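Residue-level structural notes
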Amino acid sequence: MKIPESMDGCVYFTNRTLPKGKVMAWARRKECPKCHKAQMGKPVEKGKVKIRADIYVCPSCGFTEQKIVHEEGLTLEAVYTCLHCGKQGESSAPYKRKSFQGVQSFVVECQHCAGKIPLTKKLKGIGDPDSDS
Ligand SMILES: [Zn+2]
Ligand SMILES: [Zn+2]
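Just so we're clear, the structure is a prediction, and the values are computed from it rather than from any experiment.

With that out of the way, let us pick up the nonpolar core. Judged by nonpolar contacts, the single largest core of 17 residues is most densely connected at A25, A27, L76 and V108. Of all the elements, strand β2 (residues 22–28) adds the most residues to this core, at four residues. If sequence neighbours within four positions are ignored, A25 has contacts with T14, L76, E77, A78, F106, V108 and L119. Core analysis: the second largest hydrophobic core is formed by five residues, C32, Y56, V57 and C58 among them.

All right, on to the sheet that holds strand β10 (residues 103–109) then. Within the open sheet, the three strands sit side by side as β9-β10-β11. Their pairing is antiparallel. Every interior strand has two partners, whereas the edge strands, β9 (98–100) and β11 (116–120), have only one. Each strand axis lies, on average, 65° off the axis of its neighbour in the sheet, ignoring direction. Sheet topology places β9 next to β10; three bridges connect them, and they run antiparallel. The residue bridging S99 from the neighbouring strand is Q104, located in β10.

Burial along β11 is one-sided: I117 and L119 are buried, and none of K116, P118 and T120, which face the opposite way, are. Bridging between β10 and β11 involves five bridges; their strand directions are antiparallel. Counted as the bridge partner of F106 is L119 from β11.

Criteria and thresholds
Residues numbered from 1 in each chain as written. Chains lettered and ligands numbered in written order. Predicted model: local features only at pLDDT ≥ 70, side-chain atom pairs only at ≥ 80, totals over all residues. Core = buried A, V, L, I, M, F, W, Y, C linked by C-beta atoms within 7 Å. Buried ≥ 20, exposed ≤ 12 C-beta atoms within 10 Å, placed from the backbone. Helix = DSSP H or I, 4+ residues; strand = E, 2+ residues; numbered from the N terminus. Contact = placed C-beta atoms within 7 Å. Pairing = 2+ DSSP bridges. Axes fitted to C-alpha atoms, helices over the stretch in contact; angles between N-to-C directions.

Right, dumping it as structure tokens:
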């Protein structure tokens with residue numbers, strides 16, 4: 001699994017140290033299904049990305065897709081040191097949050113022990129680009 005070189009190609013990127021273990025996870029942008037010339041992202045207005053927008057837009061042809069539909073087609077990829085077995089691994093999961101111990105989280109499963117590694121939503125303003133979506 002290749003770690004993205006920059007956040008620009010991702011709709012989500014997080015790098016966390018857990019009480020035991022650590023995890024880096026991301027979801028890559030999806031190519032526009034209409035023109036295949038660009039990667040879709042949140043709309044940009046006056047140079048600022050509208051993170052809260054509920055659509056994704058192709059910067060090349062203007063094709064739009066609803067956030068929910070778009071995100072269902074994305075994959076969350078993660079490299080981690082498992083908090084259960086302590087091994088390093090790589091896993092992918094659907095880019096979809098589910099409830100984990102009552103908190104909305106992306107959940108990655110360890111390839112070695114199948115232990116669950118949750119990526120809980122961070123509180124607003126702690127530097128996670130996804131914190132308010
Ligand atoms: Zn396009
Ligand atoms: Zn494990």
